[in-house]
Amino acid sequence: MMQHMIDMLAEKKEWTVSEISFAIKQLMETSFAYVRVKGEIFGAKRADSGHWYLSLKDENSVLAAVCWRGVAGSLGVKIEDGIEVIASGKITTFNGRSSYQLVIEKLELAGEGALLKLLEERKQKFLAEGLFDAAHKQKIPYLPQTIGVVTSPTGAVIRDIIHRIRDRFPVHIVVWPTPVQGEGAADKIAAAIRGFNALPKDSPYRPEVLIVARGGGSLEDLWAFNEEVVVRAVYKSNIPLISAVGHETDTMLIDYAADVRAPTPTGAAEFAVPVKSEIYNGLLTTDLRLKNAVTRYFSELMQVVNGLARGIPSLAQIILENQQKVDDRSERLQLAFKNLLKDKNNLLKLTNLKPFYVNNLLEAKKESLQNLGLRLDSVSIESVLKRGFAWVSDSAFRTVYSTNKAKSSDKLHIRFADGIVKVRVTERDGAIQGDLFDSF
């Protein structure tokens, strides 16, 4: 095709400027309909229209390039000076200047330096958004019944994971096969993570923990695990997730977003399940310790019971001792009753033999009664009044015991041995004055 166009150009002896420009444009676009060009970006600028204009250079040459607005928004690489890229697209001419340019349709980073720079930028971006926060991490279940694995269905990685899990504690393993490098791998890995999370909670295929795994490789080989779509899928996963990408020294952005980072795929299997034999031995040890503890507990209780039993007399002994007390009380009661009857009988006999005893007793009681009467009479009100005392009371005949009480009464009754004098109470210069107004 190219040779045919060259022949056509050679046959025509005279061309207009537009004809030659159009012919060259057709030749260029036909011959270079799709090319991949590696070079360093410089002079990049974004026009008001949204289109990007830039150049690609190496140590010898410069190639103009353009990226239309609709394509620039979907590029996975940020256009900026100084990064080495592989630009894919077609070569076309710009008629107005008799120049040619690369129309970029796809842009990839080239060289580890450029990848590391982009990696750091993304890391800082995700850190600022909180996608790596420790507070968001979920705890890996101790003994999951089902484990989901996102990895390539072929190769040593999936075999190592399956074998390691079977050796430690066999559980149900569900594999969601995906490519782990190359174009489209990141989207499919993210889709697998979302797919596991979308399974119904009662589904037998819904795992309790996820493992995203890949073997070692170059930074370019592992780049899918640095893509934003994968990092965000990991962050949004409701199922705890273990990342196991590359070797122990490889650290991808998925490792920061995952709940646990394993150094290798085999290490991820070890994080996912415990060792069954260790659990079994631990249960045996715990069971033995429990039995020994129960035996010691009941043995100590038995010793306490036996000690208490030694301090408690037997039931027969208690009954015999109480029977002995009853017999003693019964005998003493009988003797006491007999002695009482005997004393009463002797008294009765003595009374019958000496009648004057009763008279003496009555006289003694009479004399005692007279003495009590005299003592009572000596402390009566009348006796006290006869000795020159007076009894002061208010108008209601309540005894007045103090001057304050007398001041608060308008009338006082003063009782003598031969009658009562009534007085009105007044107070002059702090002293109580009384005026006689009646007597009876």
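As shown above, the structure is provided for reference.
One structure accompanies this document, and this report is about it. (Residues numbered from 1 in each chain as written. Predicted model: local features only at pLDDT ≥ 70, side-chain atom pairs only at ≥ 80, totals over all residues. Heavy atoms only, no water.)

1. Topic: the overall build of the chain
So, step 1. In terms of regular secondary structure, the chain is built from 14 helices and 14 strands.
So, step 2. In terms of its C-alpha atoms, the chain occupies a principal-axis envelope of roughly 190 × 90 × 35 Å.
So, step 3. Residues counted as buried form 30% of the 440 residues belonging to the chain.
So, step 4. For the chain, contacts bridging at least 24 residues in sequence account for 58% of all contacts bridging at least 6. (Helix = DSSP H or I, 4+ residues; strand = E, 2+ residues; numbered from the N terminus. Buried < 20%, exposed > 50% of the residue type's maximum accessible area, 1.4 Å probe, protein only. Contact = heavy atoms within 4.5 Å.)

2. A few points about the packing of aromatic side chains
Two descriptors summarise a pair of aromatic rings, namely the distance from one centre to the other and the angle between the planes of the rings.
So, step 1. All chains considered together, the criterion is met by four aromatic pairs.
So, step 2. For the ring pair Trp-176 and Phe-196, a centre distance of 5.1 Å and an interplane angle of 70° mean the geometry is edge-to-face. Of this pair, Trp-176 sits in strand E7 (residues 172-177) while Phe-196 sits in helix H6 (residues 185-198), and the two are 20 residues apart along the sequence.
So, step 3. A relative accessible area of 32% means that Trp-176 is categorised as partly exposed.
So, step 4. When the ring of Tyr-297 is compared with that of Phe-298, the centres are 5.5 Å apart and the planes differ by 75°; the resulting orientation is edge-to-face.
So, step 5. Residue Tyr-297 is classed as partly exposed on the basis of its relative accessible area of 47%.
So, step 6. Put simply, the rings of Phe-126, Phe-132 and Tyr-256 pair up and form one aromatic cluster.
So, step 7. Lying over the aromatic face of Phe-42, Lys-57 brings its terminal NZ or CZ to 5.1 Å of the ring centre. (Phe/Tyr/Trp six-rings, centres within 6.5 Å; stacked < 30°, edge-to-face > 60°. Lys NZ or Arg CZ within 6 Å of the ring centre and 35° of its normal.)

3. With respect to the nonpolar core
So, step 1. Judged by nonpolar contacts, the single largest core of 57 residues is most densely connected at Leu-102, Leu-107 and Leu-109.
So, step 2. Broken down by element, this core gets its largest block of residues, seven residues, from H6.
So, step 3. With near-sequence residues (within four places) excluded, Leu-109 lies in contact with Val-77, Ile-83, Glu-84, Val-85, Ala-114, Leu-115, Leu-118 and Trp-223.
So, step 4. In this structure, Ile-140, Val-149, Phe-169 and Ala-213 belong to the second largest nonpolar core, which totals 19 residues. (Core = buried A, V, L, I, M, F, W, Y, C linked by side-chain atoms within 4.5 Å.)

4. As for the side chain of Ser-55
So, step 1. Along the chain, Ser-55 turns up in strand E2 (residues 52-57).
So, step 2. Its relative accessible area of 16% is what places Ser-55 among the buried residues.
So, step 3. Those residues in contact with Ser-55 that lie beyond four places of it in its chain are Glu-40, Ile-41, Phe-42, Val-62, Leu-63, Ala-64 and Ala-65.

5. Examining unusual backbone geometry
So, step 1. Of note, Phe-397 is a non-glycine position whose phi angle comes to about 65°, a positive value.
So, step 2. By the element assignment, Phe-397 lies in the loop between strand E11 (391-394) and helix H14 (403-407).
So, step 3. Residue Phe-397 is classed as partly exposed on the basis of its relative accessible area, which comes to 48%.

6. Some points on the pairing of E2
So, step 1. Inspection of the sheet shows strand E1 (residues 35-46) paired to E2 by five bridges, in the antiparallel sense. The residue bridging Lys-45 from the neighbouring strand is Tyr-53, located in E2.
So, step 2. Here E1 hands over to E2 after five residues, with Gly-50 in that stretch at a positive phi of 100°.
So, step 3. Where E2 hands over to strand E3 (residues 62-67), the hairpin turn is made up of four residues, counted between the paired strands. (Pairing = 2+ DSSP bridges.)

Purely geometric stuff here, so don't read any function into it on its own.
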